[in-house]
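Working through the structure, step by step
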Amino acid sequence: MISLSAGKNYLLLLLIFLTNAGFAKDIKGRLTGIVYDDANKALSGITVALEPDRKRALTDAKGNFQMDQLYPGTYSLRISAIGFQTYTQEVEVLSGQKNTITIRLFRKNESLKEVSVNGVHGNPDNFIDMTRTTMPSTVITRKEIEQMGSRRLDEVLKEQTGLAIVSDIGAGNRAVGLQMQGFDSGYTMIMIDGQPMVGRNSGNFDLSRVTVSDIERIEIIKGASSCLFGSEALAGVVNIVTRKNITQPQGLAAIRYGSFNMLDATLEGETPFAGKKGSVYVSGNYYRTDGFNSNPYLEEGKTAPPFDSYSFQSRGRYLLNEISSLSFNGRYANRHSVNDISYGVSPSKDILDEHDLNASLSLNNNFRNGTKWRTQYYLTRYQTAQDVTDLNTNTLIPGSRFKQFLHRLETQGSHQFFETLNITGGLGAAFEILDNSYYRGKKNMSNYFAYGQADWSLSSSLNMTAGARFDYHDKYGSKLNPSVGLRYQPFDKLTLRASIGTGFKTPSFQQLYMVFTNVQTGYTVFGAEEFWREIQLLKEAGQIMSIFPIANQIGTLRPERSVSYSGGFAYQPISSIKLDVNVFYNDMRNFISAEPVAIKTNQQQVFSYINVAKAYTAGTEIGMSWKATKELSLSAGYQLLYAVDLGIVEAIKNGTGLYAQVYDGVNPPRRSKRSDYFGMANRSRHMANIRASYEHVPSGITGSFRINYRSKYGFTEANSANLFIDPYDTYVPSYFLFNAALQKSFYRKHLQLQLTVDNLMDYRDQLMPSQQGRAIIAGISWRFFKG
C-alpha cells in the first residue's frame, strides 16, 4: 500500500514536473481537409473546430479548410452545421507535417457519418470504430461526465438508458457490477483503450474501482459483441478511452470534497519532449471516502466500507520517422479498505488491498497509401488480499488471495478502398494465468483469434457493416462468430437499422476450479472440474447427508452462446428533436447456472455449476432528445425488459422438481403457475431517466439535473426453496433518484467551481448496499494553459 504522505509527495512531484514541462519550446504542424455532404458536394462556410486548443477554421467555396501552428498530438475535431448531424473525430497532427483529412457530413443521421482518412485515424488505440458496429452503441463524452460531476465509473453508467448498477453480493459488499440488456455483470467486457481489463473476483468486475478523472469518453456497445471483441462480450462492451489530447503543454489541478468525508484530488498534464519527437501525458488521482450505511434501520456499521485509492495514468508517444511511431499506455491503481463490522454479536474487521496494473506498448504505421497497421503487446495484472479478524477472540480468519495476469499480443490493420469500403482486420493471442487461494494451484488458459470487419456504403442511402471473429481456445476448441448490420435512410429525417450477431462466453475460472467453504455460514461451492473429487473427500469424511439427482449433470461445462437480434429507427422531424427506438432479443443457450447439488450433515448446501437453462432477454429502448433553446437541452430514456429462464418456465409447466410448488407463507403449498414467475432476479421490468442540461457559454455556467427510475425487482427467495422469484419472495421496491450538478468557469476557463448533489431525496434501502444516501460535494479546479 502507498501511504497517505507518500501519495501526497508523489502528487506534488507530478505537479512540479507538469509545471516545468508546460513551458517547453513549441513545434507546429498543419491540418488541412475538405468537407463534403452525402451527395459529394463540397460544403462552404462550415466551421471546423479543434479541441482542446479551441482552434477554428471556415471551409472555402471548394470545401477546403486549413489550420496552421498546431502542436503535434491528438485532437478532437468537431463540426456543428445547420441541417447536418454533429460530426466528431479524433485526428492526429504530426510535427512539421501537413496532415490531410476528408470528411463527409450526413444530413439528419449521425450514425451514417463517413470519413475518408489520409494520414489520420479515429482512434489510435483501436482501428475498429466502436460506434460503427452492427449493435446499438452509445458514447458518453468528457463534457457529459463533467456535467454530471461523477467520480467513479459506476456513477456514470448507472444514469444511462438500459444500464443498471447492481450489488454483486457474491463478490462481497465492496463490489458493484453492470447489468446490460438483462445480462449479469459477468457478461459485459470492460476494456480500457481497446484492451480488456481483468480482475473478476468471483466472476464480477467491480466498477467502483475505476476513477473517471482521466477518462476522455466511454463507448458502450449493447448486444452480443464477441464477433469483434471475444469472450465475455456476450451482453456488450464498455470501452474506456483515456485522455490523450497531447497538444500544447497544459495541466490541471482539481480537488473535490464532500459528504462521507469524500476527497477526490487530481493532477494531470501533457507536454512534448525530446526535441518534439515525443509527447507524454501523466495524471494522478487520490480518492478516499469514509464509506456509508445504506440501511436506514441501522444506527451503526457501514454497508459500503471506507477506502483510500491512488490511480496513476500515463501515455507516451515517440515519432520514429514519417510513417512509424511508438506509443505507451500505463495505468496503476490501488485501493486499501478497512471495514469494522460493529453491529451484531460478532464484531469483525475486514481488510482488503487491491492492486490493478494495465500497460501496453505498440508500434503504429501510417503508410502513404492510406493503410494503417499497428502491433501491440498488452499486459494487465490484478491482485487482491483480504483478511478478516474476529474482534471478540482476536482470531484471524483465513482470507482470500487472488492474482490474475493477462498477456496479449495483437496486430491490426485497416485500409480504405474506393472511398466506399473500409476493411479492418487483426489477429493475436492471449495467455491468462490465475492464482487464487480458493483454487488448487495456478490455472491458465490461452486463446488465439482472428477477426475482420467490412464497412461498405452500398449507395448514398444504404450502408452495411459485416464482421466475423474466429477463436481457438485451448480448452474449448474453435468458435466462429459472425455479425451483420444494415442501415437504410429512405429520406432525410428517418434512418432504419437492423442487425444480428452471435456471441459466446467460456466458463470462468470460478465455475471451473473454485473450492470454497464459507467459514461463517458453512455452505460450499465447487467448480465443475473439481466437484467429483471434492465431494468424494467430503463423503469419506462423513460430511455429506445426500447428493441430489441433478448432480449427475455435472461434467465438462460448455461455453454459453447467444444470438442477438436488434432493430429500430432514428427519426429527426426537426433539427432540435430526435427520437431513437431500438428493439432487442437475446437468445441464450447453455446458460451456466449455480445449482444446489448436495446437502451436508450440518444442513448446509453444496453448490456447483451445470449447463441447464435456455434463456432470453427481450425488450425495447427508447431515447428522446430536444434542444429546447440554445442553452437548454432535454433528454429522456426508457427500457422495457423481459428476462426469462426458459428452464424454469418449462419446469413450472410440467410441474417438475422444486419449481412445481409455491408457498404464500400462510396456506399449504399449491401448484405453481406461469404467472407466478416474475423473471430473473435483480432485473427491473421498467427503467427510465430524464436529464436537463444547461450551458451558457458567455457566463461560463453549466449544469444538469437528472432523474433515474427503476421499477421493483426480485431480490431473493423468502418463502421456500422453489428456486425462482414468485410473488411471495423478497423484492426491492421501485424508486426514484434525483441528482444535480452546477459549474461556473472564470478567467477564460482557467478556474472552475463545481457543486454536486447526488441522491437529493436521500433514498436508501437495506437491500441496496451500494446506494449511498444524500451526498453534497464541492469542487475547484485550475487549468494550466497558455492564453
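One structure accompanies this document, and this report is about it. Given the structure is predicted, the values throughout are model-derived calculations rather than measurements.

**Quick word on a nonpolar patch on the surface**
A surface patch of nonpolar side chains, amounting to about 630 Å² of accessible area, comprises I255, F746, Y747, L753, I780, W782 and F784. The dominant element in the nonpolar patch, judged by the number of residues it contributes, is strand β45 (residues 775-784), at three residues. Within the secondary structure layout, I780 lies in strand β45. In this structure I780 comes out as partly exposed when scored by relative accessible area, which is 41%.

**Thoughts on the side chain of Q160**
Take Q160: it is sitting in the loop between α3 (153-157) and β10 (163-167). A polar contact is formed between the side chain of Q160 and the backbone oxygen of V156, at a distance of 3.0 Å.

**As for empty space enclosed by the protein**
In the structure shown here, the tally under the stated rule is eleven cavities of 30 Å³ or more. As a volume, the largest cavity reaches approximately 310 Å³. Along the wall of the largest cavity there are 19 residues; nearest its centre are R142, E146, A254, R256 and Q754. Listed by contribution, the elements that provide at least two residues to the lining of the largest cavity are α2 (142-148), β16 (250-258), β17 (262-273), β44 (751-758) and β45. Its residues placed into classes, the lining of the largest cavity shows six nonpolar, eight polar and five charged.

**Let's talk about the sheet that holds strand β15 (residues 236-242)**
Strand order in the open sheet formed by five strands is β9-β14-β15-β12-β13, and the pairing between neighbours is mixed. Whereas interior strands pair on both sides, the edge strands pair on one side only; in this sheet they are β9 (137-141) and β13 (195-196). As paired elements, strand β12 (residues 188-192) and β15 share five bridges and run parallel to each other. Considered in β15, the bridge of I192 is made with I240.

**As for the packing of aromatic side chains**
One pass over the structure, following the stated rule, counts 19 aromatic pairs. Ring geometry for F531 against W532: centres 4.8 Å apart, planes inclined by 80°, an arrangement best described as edge-to-face. Taking the relative accessible area as the measure of exposure, F531 reaches 0% and is therefore buried. Summarising the aromatic geometry, the rings of Y747 and W782 are spaced 6.3 Å apart at their centres and angled 50° between planes, so their arrangement reads as tilted. Separated by 35 residues along the polypeptide, Y747 in the loop between β43 (735-746) and β44 and W782 in strand β45 bring together distant segments of the chain. When its relative accessible area of 57% is taken as the criterion, Y747 is described as exposed.

**Looking at the sheet that holds strand β5 (residues 73-79)**
One open sheet accounts for four strands, arranged β3-β2-β5-β6; its pairing is antiparallel. The open sheet has two edge strands with one neighbour each: β3 (55-58) and β6 (87-93). Taken over all neighbouring pairs, the strand axes of this sheet differ in orientation by 25° on average, direction set aside. In terms of strand pairing, β5 meets β6 through seven bridges, oriented antiparallel.

**Comments concerning the pattern of salt bridges**
Taken as a whole and assessed by the stated rule, the structure comprises 25 salt bridges. Measuring nitrogen to oxygen at the nearest pair gives 3.2 Å for the salt bridge that ties R783 to E146. Of this pair, R783 sits in strand β45 while E146 sits in helix α2, placing them 637 residues apart in sequence. A relative accessible area of 25% means that R783 is categorised as partly exposed. Between R335 and E354 there is a salt bridge; the shortest N-O distance is 2.6 Å. Here R335 is found in strand β20 (residues 324-341), whereas its partner E354 is found in strand β21 (residues 348-366), with 19 residues between them in sequence. Residues R335 and E354 agree in their burial class; the two are buried. Connected via shared salt-bridge partners are K443, E530, R533 and E534.

**Structural notes on unusual backbone geometry**
Trans peptide bonds make up the majority, and among non-glycine residues the majority have a negative phi. Positive phi, normally seen in glycine, also occurs at D193, with a value near 50°. With respect to the secondary-structure elements, D193 resides in the loop between β12 and β13. By relative accessible area, D193 is classed as buried at 6%. Even without being a glycine, N394 presents a positive backbone phi close to 60°. With respect to the helices and strands, N394 occurs in the loop between β22 (372-390) and β23 (395-397). By relative accessible area, which is 62% here, N394 ends up exposed.

**Thoughts on the nonpolar core**
Core analysis: the biggest nonpolar cluster contains 75 residues, and L157 and I218 have the highest contact counts within it. Considering every element that reaches this core, the biggest residue donor is strand β35 (residues 605-627), with seven residues. When near neighbours in sequence (up to four residues on either side) are disregarded, L157 contacts I140, L163, I165, L178, L207, I218, I220 and V238. By size, the runner-up hydrophobic cluster in this structure holds 22 residues, among which are L43, I46, M67 and Y87.

**As for helix α7 (residues 646-654)**
I648, V649, A651 and I652 are the residues of α7 that are buried. Seen end-on, α7 carries its buried residues on one side only, within an arc spanning 165°. Buried residues belonging to α7 abut β36 (632-645) and β38 (670-671). At the N-terminal end of α7, a side-chain oxygen is found 2.9 Å from the backbone nitrogen of G647, two or three residues along, and the residue is D645. Following α7 by one or two positions, G655 has its phi on the positive side, about 65°.

**Some words on helix α6 (residues 531-540)**
Where α6 is concerned, the buried positions are F531, E534, I535 and L538. The buried residues of α6 occupy one face: seen down the axis, they fall within an arc of 100°. Where α6 is buried, its residues touch β30 (515-517), β31 (524-526), β32 (544-547), β34 (577-600) and β35. The positive-phi residue at the C-terminal boundary of α6 is G542, with phi of around 70°.

**Let's talk about the environment of T86**
Within the secondary structure, T86 is located in the loop between β5 and β6. The spatial distance from the C-alpha of T86 to the C-alpha of F106 is 9.0 Å, given a sequence separation of 20 residues.

**Re the pairing of strand β33 (residues 560-574)**
Pairing between strand β29 (residues 494-505) and β33: twelve bridges, direction antiparallel. Of the residues in β33, the one forming a bridge with T495 is A570. As paired strands, β33 and β34 are joined by twelve bridges and run antiparallel to one another. Paired with F569 across the two strands is V581, which belongs to β34. In sequence, β33 turns back onto β34 through a hairpin of two residues.

Rules of the game
- Residues numbered from 1 in each chain as written.
- Predicted model: local features only at pLDDT ≥ 70, side-chain atom pairs only at ≥ 80, totals over all residues.
- Heavy atoms only, no water.
- Patch = residues over 30% accessible without salt bridge, like charges linked within 9 Å, V, L, I, M, F, W, Y side chains within 5 Å.
- Areas by Shrake-Rupley, 256 points an atom, 1.4 Å probe, with all protein chains shown as cover.
- Salt bridge = Lys/Arg side-chain N within 4 Å of Asp/Glu carboxyl O.
- Helix = DSSP H or I, 4+ residues; strand = E, 2+ residues; numbered from the N terminus.
- Buried < 20%, exposed > 50% of the residue type's maximum accessible area, 1.4 Å probe, protein only.
- Polar contact = N/O pair within 3.5 Å; in protein donor to acceptor, adjacent residues only side chain to side chain.
- 1 Å grid on protein atoms, 1.4 Å probe; cavity = no way out; pocket = protein on both sides within 12 Å on 5 of 7 lines; lining within 4 Å.
- Points joined across faces, edges and corners; volume = space filled by probe spheres on them.
- Nonpolar A, V, L, I, M, F, W, Y, C, P; charged D, E, K, R; others polar.
- Pairing = 2+ DSSP bridges.
- Phe/Tyr/Trp six-rings, centres within 6.5 Å; stacked < 30°, edge-to-face > 60°.
- Axes fitted to C-alpha atoms, helices over the stretch in contact; angles between N-to-C directions.
- Core = buried A, V, L, I, M, F, W, Y, C linked by side-chain atoms within 4.5 Å.
- Contact = heavy atoms within 4.5 Å.
- Arc of directions from axis to C-beta.

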